[in-house]
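An overview of the molecular structure
Spelled out, the chains give:
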Amino acid sequence: MTAYSDRILGILEPKIGHALAQSALRIKCKKLGIAPEHITQETLPVLADDLYEPLRIFAGDEFARGLVLQIKALA
């Protein structure tokens, strides 16, 4: 994992749990054609936006928007 992937997990894990956070990150990275260890400042906003929908389904719009904004702020 990279500093970005570790920091993303640090945001997600307290809210959705360790296993779900790792799974969501891995699946979304795969969809975008990047490995979690290759997340960069440039790919971070795209990844954050892509995480929105599953987070919204999991816990609602406000919850998802808040986490996406936190992830985008890492850039």
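See the structure printed just above.
The rules behind these values
- Residues numbered from 1 in each chain as written.
- Predicted model: local features only at pLDDT ≥ 70, side-chain atom pairs only at ≥ 80, totals over all residues.
- Heavy atoms only, no water.
- Helix = DSSP H or I, 4+ residues; strand = E, 2+ residues; numbered from the N terminus.
- Rg over C-alpha atoms; globule rule 2.2 N^0.38 Å.
- Contact = heavy atoms within 4.5 Å.
- Areas by Shrake-Rupley, 256 points an atom, 1.4 Å probe, with all protein chains shown as cover.
- Phe/Tyr/Trp six-rings, centres within 6.5 Å; stacked < 30°, edge-to-face > 60°.
- Buried < 20%, exposed > 50% of the residue type's maximum accessible area, 1.4 Å probe, protein only.
- Core = buried A, V, L, I, M, F, W, Y, C linked by side-chain atoms within 4.5 Å.

Comments concerning the overall build of the chain
Of the regular secondary structure elements, the chain holds 4 helices and 0 strands. The secondary structure elements of the chain, listed N-terminal to C-terminal, are α-α-α-α. The globule rule puts the C-alpha radius of gyration for 75 residues at 11 Å, and the 11 Å found for the chain is close to it. Taken along the three principal axes of its C-alpha coordinates, the chain extends 30 × 20 × 20 Å. When contacts within the chain are restricted to residue pairs at least 6 apart in sequence, those whose partners lie at least 24 apart make up 53%. Accessible area of the chain: about 4300 Å², with a carbon and sulfur share of 56%.

Some words on the packing of aromatic side chains
Taken as a whole, this structure holds 1 aromatic pair when the rule is applied. Taking 6.4 Å as the distance between ring centres and 45° as the angle between the ring planes, the aromatic pair formed by Phe-58 and Phe-63 counts as tilted. Judged by relative accessible area, Phe-58 falls into the partly exposed class, the value being 45%. Among the residues examined, Phe-63 registers a relative accessible area of 23% and is labelled partly exposed.

Some points on the nonpolar core
With 22 residues, the main nonpolar core has Ile-8, Leu-12, Ile-39 and Ile-71 as its most contacted residues. Mapped onto this core, the elements with two or more residues apiece are helix H1 (3-16), helix H2 (18-32), helix H3 (44-59) and helix H4 (61-72). For this core, the leading source of residues is H1, giving 6 residues. Ignoring anything within four residues of it in the chain, the contact list for Ile-8 reads Leu-25, Ile-39, Leu-44, Leu-47, Ile-71 and Leu-74.

Re the side chain of Lys-28
Tracing the sequence through the fold places Lys-28 in helix H2. According to the relative accessible area criterion, Lys-28 is buried, its value standing at 16%. If near-sequence neighbours (up to four positions away) are discounted, Lys-28 is found in contact with Leu-47, Asp-50, Leu-51 and Pro-54.

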